[in-house]
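In case you want the letters, here they are:
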Amino acid sequence: MRLDEFIEDFQRDEAADLRRLAEEKSYAITEYLDDVERQLDETVQGDALFGSTAPSIFVGRSNYPDVSTGLLSPVAGPETDPTDYVTSGEWYQQGYSIDDVFQRRTGLLNSTRAAKVDVNDVWDGFVGVQREVAIADEPVDVEIGLDGQPDLDVDLDDIGAPRGPRARARDAELAENPSVPLEVEKTLEDDDWRADGAMTYLYRRGFDVYEINKILSAGALGQGANRRLVPTRWSITAVDDTVGQYLRGTIRNANSIDTTEVRVNEYMGNTYWVIMTPGQWEFELVELKAPGSIWNPDPDAGMYMAADSEGYEGRTDYVDETSGAYYASRLAVLEHLQERGRQAKVLVVRHATPEYWAPVGVWQIREGVRHAFEQELGEAESFRDALTELAPHFPISLAQLRRKSELVSGLQAQITDF
């Protein structure tokens, strides 16, 4: 499809969108917590919580290397499917809204204990139970002894998904023997296998990054003496980065794409423009955060812009401005190129509108870009032509984008661009 036809099909009634937002946006998190409090009263038996736990854990980063480590357990009762509460790409497939995410995540009790990150071969006690839950391929029944009443506050994080109530755990015991995939057993048994190699191996064997990051977080990957708990926020980005580097290596000698391609996707109040043009691998993420949004709350502040990039050889240091969003979006692009056996120069522009009224984690960025490649394709004669035609539909001018973006600033400026 020609790019002008592609853009015409994507026209939006911005005023209608805002009206819809005003009608549909929900701030009913406190209502969810009221339900959770009632469910906790029904589920907690004395000072113990018994039931299926989602195959999910949480490791905090405060006071590292002394961290808070937790088991995440749904509190909605035995009829609940625990896997519905686990962050995964399925949430995109099912069309989850921000409200849906908060309902799931506030329905998980995070039973926590303090722990040292150096766990090496610890498979007993609370940390041992946590590791067993993390490596299992199905939810595991556990019994958790609680110390005190749960704290019903909600924790928000731009990298991980929201977290609901917390309670201090006295102890935890498995009520059954967990089923562990053979591939995970292999990585556990090899004490000489570096964590990055083990992550790549699991990915190549069909494990998605969601599964790998919880295994890494539980201290179940890496050389034996070096195995340690990894804060969830760090493990998410570490897996995205490691798998992304592996995928970049697979396309180093691949042929380039032939034409400039444009795709767009919208999810949870975020718009993702993915522009790919012929050439050796380069990548840049530009984030635009609307004034009046949660990320840029001052309505008079103007558009907040952030950008990070890499060339053919990749990056050797952590990004400065876009944090985990960079690695999540880069992974999605590299998965697409690796599947095609091609390489390209790629610009991703993310516009976080006021509709994105609460952070739900970088998973929605990963999935938003992943599924952009399922959308209709627009083609342009060149990268310049694509930007020229798209510029009127960006929330900033081409001149502003050029001042922020290295890929765009590499184009020779023309007076008509300003």
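See the structure printed just above.
Read on for an overview of the structure. Please read these numbers as outputs of a predicted model, since none were measured by experiment.

Here's the deal with the overall build of the protein chain
Link 1 in the chain: When its secondary structure is counted, the protein chain shows 15 helices and 15 strands.
Link 2 in the chain: Evaluated residue by residue, the protein chain yields a buried proportion of 55% over its 418 residues.
Link 3 in the chain: Split by element, the accessible area of the protein chain, about 18500 Å² in all, is 43% carbon and sulfur.

A short note on the nonpolar core
Link 1 in the chain: Core analysis: the biggest nonpolar cluster contains 65 residues, and M268, W281, V333, L337 and V346 have the highest contact counts within it.
Link 2 in the chain: When residues of this core are assigned to their parent elements, the largest contribution, 9 residues, is made by helix α11 (residues 323–340).
Link 3 in the chain: Apart from residues no more than four positions distant in its own chain, W281 is found in contact with R248, I251, E310, G311, Y312, R330, V333, L334, L337, Q343, A344 and V346.

Examining the pattern of salt bridges
Link 1 in the chain: Scanning the model with the defined rule gives 21 salt bridges in all.
Link 2 in the chain: Close ionic contact of E310 with R330 constitutes a salt bridge, the shortest N to O distance being 2.7 Å. Taken together, the residues E310 in strand β12 (residues 304–310) and R330 in helix α11 connect sequence positions 20 residues apart. The pair E310 / R330 is uniform in exposure class, with both members buried.
Link 3 in the chain: One network of salt bridges, with partners in common, ties together D208, E335, E367 and R370.

Thoughts on unusual backbone geometry
Link 1 in the chain: For the bond from Y64 to P65, the omega torsion is 15 degrees, close enough to zero to count as cis.
Link 2 in the chain: Considering the arrangement of structural elements, one finds P65 in the loop between β3 (57–59) and β4 (66–74).
Link 3 in the chain: A positive phi angle, close to 65 degrees, is found at N63, a residue other than glycine.
Link 4 in the chain: One non-glycine residue, M268, adopts positive backbone phi at about 50 degrees.
Link 5 in the chain: Assessed through its relative accessible area of 10%, M268 is described here as buried.

Definitions and cut-offs
Residues numbered from 1 in each chain as written. Predicted model: local features only at pLDDT ≥ 70, side-chain atom pairs only at ≥ 80, totals over all residues. Heavy atoms only, no water. Helix = DSSP H or I, 4+ residues; strand = E, 2+ residues; numbered from the N terminus. Buried < 20%, exposed > 50% of the residue type's maximum accessible area, 1.4 Å probe, protein only. Areas by Shrake-Rupley, 256 points an atom, 1.4 Å probe, with all protein chains shown as cover. Core = buried A, V, L, I, M, F, W, Y, C linked by side-chain atoms within 4.5 Å. Contact = heavy atoms within 4.5 Å. Salt bridge = Lys/Arg side-chain N within 4 Å of Asp/Glu carboxyl O.

Geometric values such as these leave the question of function open.
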